[in-house]
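Results of the structural survey
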Amino acid sequence: MSGMIQSSIARKVAMALSGLFLVLFLAQHFFINITSVFSAEAFNSISHYMGTNPVVQFVAQPILIFGVVFHFIMGFILEIRNRNARDISYSSYNGSANSSWMSRNMIYSGIVILAFLGLHFYDFWIPEIVHKYVESHPEDTTRYFGEMVAKFESPVRTGLYVISFVLLSLHLLHGFSSSFQSVGFNNKYSKGLKGFTVAFAILIPLGFVFIALFHHFNQ
Amino acid sequence: MNLTLKIWRQADAKTKGKIVTYKIDDVSPDMSFLDMIDMLNEQLNNKGEDPVAFDHDCREGICGSCSLQINGEPHGPDTGITTCQLHMRMFKDGDTIFIEPFRAKAFPVIKDLVVDRSAFDRIQHAGGFISINTSGNTVDANAIPINKHNADMAFDAATCIGCGACVAACKNASAMLFVSAKVSQFALLPQGRIEAADRVLNMVRQMDDEGFGNCTNTGACEIECPKGISLENIARMNREYLSASLKG
């Protein structure tokens, strides 16, 4: 088992499993956010539940943060190791002849997503923690929708969110289907699964773009 | 055809190399790529210059010796072939062609375009075999019933000639396609199942020790492989490895 932890295959499996976990979280996040387009009350109700339920707050949230941090750290470790595996670069390298841009640039789309997460935490997570645990406020179950919509008043912030979702889509276009290959799933069902992952990678980020633009233009 | 060649020249493993430009005229489109380098070397010899060192042997796509990165692709712009099967008709008059060795830390340059691919040999030695008693009581392989689908997949994996194009094509210089082909060709057959767990653990350990990169599933190796070795083999190796590791 100790050899396994150090091995290249175990690392890529760990990368894949943490990625799949984050994909599940992303889907859940999307289905909560999309309610804000249809009903402020529903959004407030779900947000209040997620923000106050002890299982979500003290079990799911730390697991999620660990998953995010693990995925990024492992991504950087693998990138450094992979760069070291070729000490002299090619003078001429025709990567597009045999692989997609997304697959060759996961580190860059990942860095943009990491920067976005910084902004997203600054916008929502940190104010929420301060509101709940630092300052003392009377309980207000209807504040979430208004706080969220206010963030999308700025065209700069909305633009940054849209750009980040585009990069998220590119990251998922390779990463989601790639994770199944990494865990050893490549068989007659892979073609259908690939179709599902591509649809997910396009539609979910597109949905997030729609939500951001919807609230920007409906101030 | 008149061509400009930009070739990696490196006197030996310890000397720093560089790209050197050569002009070559009257190249026939019917020539193979290696014939064209032979022609260049004849001209260099006649001028008293050191000819370009490159690997070659069978010149019919079987041995896996030739190993050139041509215009940024292992074995050049055509698909499903080795460099010796590449013909000059794939290029146009006036083209500039970059010719470099297969690049990987685990494939150090010996001279010019010749690289040391003995890392592959060491991976093979770590487990790419079956232990069988040949004292006269050996059961004829044809007497063991084997599922046709598995036999075909094992044969496909066994067509890997170990040229290293997968490593050269991969942005991470990963050797997973090669190792997975060698793991698969045995793992799919009853004779190979007996040592399957030790084989995959030992070969992957050796692969990592040699300093190859991690696979990130770009699929470049599969596209550039002259024998069309499938990514399914890498998925199979991952399964074999996880199963063997978890069983302890």
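Residues numbered from 1 in each chain as written. Chains lettered and ligands numbered in written order. Predicted model: local features only at pLDDT ≥ 70, side-chain atom pairs only at ≥ 80, totals over all residues.

Within chain A, the secondary structure is distributed over 10 helices and 0 strands. Starting at the N terminus and ending at the C terminus, chain A contains elements arranged as α-α-α-α-α-α-α-α-α-α. Counting only C-alpha atoms, chain A reaches 60 × 40 × 35 Å along its principal axes. Of all 219 residues assigned to chain A, the portion counted as buried reaches 26%. In chain A, the proportion of contacts linking residues at least 24 apart, taken out of those at least 6 apart, comes to 86%. (Helix = DSSP H or I, 4+ residues; strand = E, 2+ residues; numbered from the N terminus. Buried ≥ 20, exposed ≤ 12 C-beta atoms within 10 Å, placed from the backbone. Contact = placed C-beta atoms within 7 Å.)

This part takes up the interface of chain B and chain A. Each side of the interface is counted separately: chain B has 39 residues, and chain A has 36 residues. It is helix 9 (residues 232-247) of chain B that contributes the most residues to the side of chain B that touches chain A, 8 residues altogether.

Mapping Y161(A) onto the fold places it in helix 9 (residues 155-182). Once the C-alpha coordinates of Y161(A) and L117(A) are considered, the two residues, 44 residues apart in sequence, prove to be 10.0 Å apart.

Residues and elements named next belong to chain B. Both strand 1 (residues 3-9) and strand 2 (residues 18-24) contribute to a ladder of 7 bridges, which runs antiparallel. By the bridge assignment, L5 is partnered in strand 2 with Y22. The sheet contact formed by strand 1 and strand 5 (residues 96-101) spans 4 bridges and is parallel. Each residue of the ladder has a partner; that of K6, found in strand 5, is F98. (Pairing = 2+ DSSP bridges.)

All names here are of chain B. What the 5 strands build is an open sheet, ordered 2-1-5-3-4; its pairing is mixed. Among the strands making up the open sheet, the edge pair consists of strand 2 and strand 4 (73-74). Bridging between strand 3 (residues 68-70) and strand 4 involves 2 bridges; their strand directions are antiparallel. From the neighbouring strand, Q69 faces strand 4, where its bridge partner is P74.

Another point: helix 9 of chain B. Side chains three or four residues apart in an α-helix point the same way, a direct result of the helix having 3.6 residues per turn. All names here are of chain B. In a regular helix each residue adds 1.5 Å, so 16 residues correspond to 22 Å; helix 9 covers 23 Å between its end C-alpha atoms and thus fits that length. All buried positions along helix 9 are accounted for by N233, I234, A235, R236, M237, N238, E240, Y241 and S245. Count one or two residues on from helix 9 and you reach G248, which has phi positive near 80 degrees. (Expected span 1.5 Å × (residues − 1).)

Residues and elements named next belong to chain B. The buried fraction of strand 5 amounts to 5 of the 6 residues, a majority that puts the element mostly inside the structure. Inspection of the sheet shows strand 3 paired to strand 5 by 3 bridges, in the antiparallel sense. Paired with Q69 across the two strands is E100, which belongs to strand 5.

The predicted model of chain B has a mean per-residue pLDDT of 96, with 100% of residues at 70 or higher. We note a pTM of 0.94 for the whole complex and an ipTM of 0.92 for its interfaces. (pLDDT = per-residue confidence, 0-100.)

Let's shift gears to unusual backbone geometry. Residues and elements named next belong to chain B. Phi at R59 is positive, roughly 55 degrees, even though this residue is not glycine. On the secondary structure map, R59 appears in the loop between helix 1 (33-46) and strand 3. We classify R59 as partly exposed; it has 16 C-beta atoms within 10 Å. A positive phi angle, near 50 degrees, is found at A173, a position not held by glycine. By the element assignment, A173 lies in the loop between helix 4 (165-169) and helix 5 (176-187).

So, about the domain arrangement of chain B. Quite often, the size of an interface is put as the accessible area lost when its parts meet. Residue and element names in this part refer to chain B. Looking at chain B, the domain boundaries give domain 1 (3-111) and domain 2 (117-133 + 143-247). Computed from C-alpha coordinates alone, the two centres of domain 1 and domain 2 are separated by 28 Å. Between domain 1 and domain 2, the contact holds 18 residues from the first and 17 residues from the second. The residue makeup of the side of domain 1 that touches domain 2, split by class, is 8 nonpolar, 7 polar and 3 charged. (Domains from an automatic or database assignment. Nonpolar A, V, L, I, M, F, W, Y, C, P; charged D, E, K, R; others polar.)

Attention now goes to the packing of helix 2 (residues 8-33) of chain A against helix 5 (residues 54-84) of chain A. Residues and elements named next belong to chain A. Direction vectors running N to C along helix 2 and helix 5 enclose 140 degrees, while the axes themselves pass 9 Å from each other. In terms of orientation, helix 2 and helix 5 fall into the oblique class. Handedness of the helix 2/helix 5 crossing: left-handed. The residues of helix 5 that touch helix 2, namely those facing R11, A14, M15, S18, G19, F21, L22 and F25, are L64, G67, V68, F70, H71, M74, G75 and L78. Looking at side-chain class alone, the contact of helix 2 with helix 5 contains 10 nonpolar, 5 polar and 1 charged residues. (Axes fitted to C-alpha atoms, helices over the stretch in contact; angles between N-to-C directions. Parallel < 35°, antiparallel > 145°, perpendicular 65-115°, else oblique. Left-handed = near helix turned anticlockwise from the far one by under 90°.)

The next point concerns the nonpolar core. Grouped together as the largest cluster of nonpolar side chains are 54 residues, with contacts concentrated most on C166(B), V167(B), L177(B) and V179(B). Secondary structure elements with two or more residues in this core: helix 2 of chain A together with helix 2 (118-127), helix 3 (148-158), helix 4, helix 5, helix 7 (196-209), helix 8 (220-224) and helix 9 of chain B. Counting contributing residues per domain, this core is built from domain 1 (3-111) and domain 2 (117-133 + 143-247) of chain B, each supplying no fewer than three. When near neighbours in sequence (up to four residues on either side) are disregarded, V167(B) contacts F102(B), A104(B), F107(B), A173(B), S174(B), A175(B) and F212(B). In terms of nonpolar packing, the next biggest core, distinct from the first, is built from 21 residues, L3(B), I70(B), L86(B) and I99(B) among them. (Core = buried A, V, L, I, M, F, W, Y, C linked by C-beta atoms within 7 Å.)

Now for helix 5 of chain A. Residue and element names in this part refer to chain A. The terminal C-alpha atoms of helix 5, which comprises 31 residues, lie 44 Å apart, in line with the 45 Å expected from a rise of 1.5 Å per residue. Along helix 5, the sharpest kink reaches roughly 35 degrees, centred on A60 and followed within four residues by the proline P62. Of all the residues in helix 5, the buried ones are H71, G75, L78 and N82. Turning to helix 5, the residues buried within the fold contact helix 2 and helix 7 (106-134). (Bend = angle between axes of the 7 residues up to and from the residue.)

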